[in-house]
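Single-letter residue listing:
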Amino acid sequence: MSTAVGGQPVKSRGMVLAVVLVLINLPVALAVIEAVSYHVRNRSSGSIVSSGVEREYLLHVPRSYDRSRPTPLVISMHGGALWPAAQREISQWDRVADEHGFIVVYPSAVSGHGPRAWRAGGGPGLMRDVRFISELIDTLRASYNIDPARIYADGLSNGGGMTFALSCTLSDRIAAVGLVAPAIFLPWPACMDRRPVPMIAFHGTADHAVPYHGGQSWVAPIAFPDIPAWTKKWAERNRCGPNSTDSAVAADVTRREYLNCAGGAAVLLYTVLEGGHTWPGGGPLPEWFVGTTSNSIDATGQMWSFFSEHQLLRN
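Quick caveat, the model's predicted, so the values are computed rather than measured.

The rules we used
Think of each chain on its own: its residues are numbered from 1, step by step along the sequence as written. Selection of residues for local features in this predicted model requires a pLDDT of at least 70, selection of side-chain atom pairs for listing and counting requires 80 or more, and totals for whole chains, interfaces and linings are taken over all residues. As a convention, hydrogens and water are excluded, and side-chain values are obtained from all of the structure's heavy atoms. Here a strand is any run of E in DSSP of at least two residues, a helix any run of H or I of at least four, and the numbering for each starts at the N terminus. Buried, partly exposed and exposed residues are distinguished by accessible area as a fraction of the type maximum, computed with a 1.4 Å probe on protein chains only: under 20%, between the cut-offs, and over 50%, respectively. Between two residues, a contact is recorded if the distance between any of their heavy atoms is within 4.5 Å. Only the protein chains shown count as cover for residues, with accessible areas throughout obtained via the Shrake-Rupley method and a probe of 1.4 Å. A pair of cysteine sulfur atoms is labelled a disulfide when the two atoms are within 2.5 Å. Comment: arc refers to directions from the helix axis out to C-beta atoms. Pairs of N or O atoms are called polar contacts if they sit within 3.5 Å, as long as, within protein, a hydrogen donor faces a hydrogen acceptor (for residues adjacent in sequence, only side-chain-to-side-chain pairs). As used here, the term nonpolar core means buried Ala, Val, Leu, Ile, Met, Phe, Trp, Tyr and Cys residues forming a set that is joined through side-chain atoms within 4.5 Å. Note on pairing: two strands pair once DSSP finds at least 2 bridges between them. Throughout, an axis means a line fitted to C-alpha atoms (over the contacting stretch in the case of helices), and angles, computed between N-to-C directions, take values from 0 to 180 degrees. For this classification, under 35 degrees means roughly parallel, over 145 means roughly antiparallel, 65 to 115 means roughly perpendicular, and everything else is oblique. For any helix crossing, the convention is left-handed if the near helix is rotated counterclockwise from the far helix by under a right angle, and right-handed if that rotation is clockwise. Residues are sorted three ways: Asp, Glu, Lys and Arg are charged, Ala, Val, Leu, Ile, Met, Phe, Trp, Tyr, Cys and Pro are nonpolar, and all the rest, Gly among them, are polar. Take a side-chain nitrogen of Lys or Arg and a carboxyl oxygen of Asp or Glu: if they are within 4 Å of each other, that pair is a salt bridge.

> Give a detailed account of the overall build of the protein chain, specifying residues and quantitative values.
Helices and strands together make up the secondary structure of the protein chain, namely 8 helices and 14 strands. Each of the 315 residues in the protein chain was classed as buried or not, and the buried ones make up 47%. Sequence separation of at least 24 residues holds for 64% of the intrachain contacts in the protein chain that already meet a minimum separation of 6. Accessible surface computed for the protein chain: about 15100 Å², of which carbon and sulfur atoms make up 57%.

> Can you break down the state of the cysteines residue by residue, with the values?
Taken as a whole and judged by the stated rule, the model has 2 disulfides. Disulfide pairing is shown between Cys-168 and Cys-191; the S-S distance is 2.1 Å. Given an S-S torsion of about -100°, the disulfide between Cys-168 and Cys-191 has left-handed geometry. A residue pair is termed long-range when its members are at least 10 positions apart, and Cys-168 in helix 5 (residues 158–169) and Cys-191 in the loop between strand 8 (176–180) and strand 9 (199–204) qualify at 23 residues. Taken as a pair, Cys-168 and Cys-191 share a single burial class, namely buried. Note on cysteine connectivity: Cys-240 is disulfide-linked to Cys-261, with sulfurs 2.0 Å apart. Handedness here is read from the sign of the S-S torsion; for Cys-240 and Cys-261, about 105°, the answer is right-handed. Note that Cys-240 is positioned in the loop between helix 6 (227–237) and strand 12 (244–250) and Cys-261 in the loop between strand 13 (253–258) and strand 14 (267–272), a separation of 21 residues in sequence.

> I'd like to hear about helix 8 (residues 299–307), residue by residue, with values.
Of the residues making up helix 8, those classed as buried are Ala-299, Thr-300, Met-303, Trp-304, Phe-306 and Phe-307. The buried side chains of helix 8 occupy one side of the element, clustering within an arc of 160° when seen end-on. At the N-terminal end of helix 8, a side-chain oxygen is found 3.2 Å from the backbone nitrogen of Thr-300, two or three residues along, and the residue is Asp-298.

> I'd like to hear about the environment of Ala-85, residue by residue, with values.
With respect to the element layout, Ala-85 can be found in helix 2 (residues 84–91). In sequence terms Ala-85 and Ser-108 are 23 residues apart; their C-alpha atoms lie 9.3 Å from each other.

> I'd love a proper account of the nonpolar core, names of residues and values included.
Soluble globular proteins: nonpolar side chains tend toward being buried together. Among the nonpolar cores identified, the biggest contains 46 residues, and Ile-75, Ile-133, Met-162, Phe-164, Leu-179 and Trp-234 are the most heavily contacted of them. Per-element tally for this core: the top contributor is helix 4 (residues 123–143), with 7 residues. Ignoring any residue separated from it by four or fewer positions in sequence, one finds Phe-164 in contact with Leu-179, Ile-184, Leu-186, Trp-188, Cys-191, Trp-230, Trp-234 and Arg-237.

> Explain the pairing of strand 11 (residues 220–224) to me, and be specific about the residues and the numbers.
Direction of pairing for strand 10 (residues 215–217) relative to strand 11: antiparallel, over a ladder of 2 bridges. By the bridge assignment for strand 11, Gly-215 is matched with Phe-224. Hairpin connection between strand 10 and strand 11: a loop of 2 residues separates the two successive antiparallel strands.

> Talk me through the packing of helix 5 against helix 6; I want residue IDs and the actual numbers.
Contact pair helix 5 / helix 6: the axes reach a minimum separation of 14 Å and the direction vectors enclose 15°. By the angle between their directions, the pair helix 5 and helix 6 is classed as roughly parallel. Classified by chirality, the crossing of helix 6 by helix 5 is left-handed. Of helix 6, the residues touching helix 5 (which contributes Phe-164, Ser-167 and Cys-168) are Trp-230, Trp-234 and Arg-237. Broken down by class, the residue content of the contact of helix 5 with helix 6 amounts to 4 nonpolar, 1 polar and 1 charged.

> Hey, could you go over the pattern of salt bridges for me, with residue numbers and the actual values?
Applying the stated rule across the entire model yields 9 salt bridges. For Arg-95, the salt bridge is made with Asp-298, and the minimal N-O distance between the two is 3.5 Å. In this pair, Arg-95 sits in helix 3 (residues 93–100) while Asp-298 sits in the loop between helix 7 (287–290) and helix 8, placing the two residues 203 residues apart along the sequence. Classification of Arg-95 by relative accessible area gives partly exposed; the value is 36%.

> Residues and numbers for the sheet that holds strand 8, please.
Across the sheet, which stays open at both edges, the 10 strands sit in the order 3-4-6-5-7-8-9-14-13-12 with mixed pairing between neighbours. The sheet terminates laterally at strand 3 (46–50) and strand 12, the two strands that pair on one side only. Put simply, the sheet's adjacent strands are angled 20° from each other on average, direction ignored. In this structure, strand 5 (residues 71–77) lies alongside strand 7 (residues 146–156), joined through 6 bridges in parallel fashion.

> Kindly report on the packing of helix 4 against helix 5, identifying the contributing residues and their values.
Contact geometry for helix 4 and helix 5: axes closest at 11 Å, N-to-C directions at 80°. Between helix 4 and helix 5, the angle falls in the class roughly perpendicular. Facing Leu-126, Asp-129, Val-130 and Ile-133 of helix 4, the residues of helix 5 in contact are Met-162, Ala-165, Leu-166 and Thr-169. Of the residues assigned to the contact of helix 4 with helix 5, the class counts are 6 nonpolar, 1 polar and 1 charged.

Written out as structure tokens, the structure reads:
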């Protein structure tokens, strides 16, 4: 029998002390576990050296991948101050890739002297990012049987702006693009490549980061373009017919489509009523910061349906 000290058995006191020590150290242990978990969730799949800088990416290859079959590739780019794993969680591209059997890559922008961001406004920084994406495509094609006619790009916010820039610089490699709440920094006159590129976009009318009807916001000192007018400009680029057709997709979602475009390069805009700076149908984001995420439409599913209808046309 244990010796009693102060009326309490020593064994009991030892057990109490052990429990107290566990409770004191539990927050530290949980923090360590969470840190390790975060590292595992957010670590890159690989990296390449581009323009003398190591650039990382996160890759998802579905189990159904068959080396003998040419496979589509989707390049999905994160928003400013985010990272590849965040884009994976927000967009839910892995789920759609597993269902339809294509490869997804989430490249990382560089941080420089501030938050991680794509240099989508033009200049040498943009061309370094474009070179990185082009070299990333080459790297993946060397390891996987990527169908060169079915390479697609999409992005959220700053990543959407980078997607637009890719349509202006890599239209000979990108078959179609998707933009969600795109932060457009590159002016149309700087988009020298006028080759028709199929485009699907999603934008909320209550987006306070990138206003639906354009203007300045807290994101940047420049004024963003009016989204419907900017989409019409893309339709002009694709040499679509002068008129568009509008239809209701859900109580809070309308679809605008431009028809009779050159080479079948369709242009679609989904407008989300009271939607925020978010990915419709995607992973949760803090509503207090970015606004409402509509679940009336699955932007990723719609995007893949659109992508699958378009292959790169060689001149």
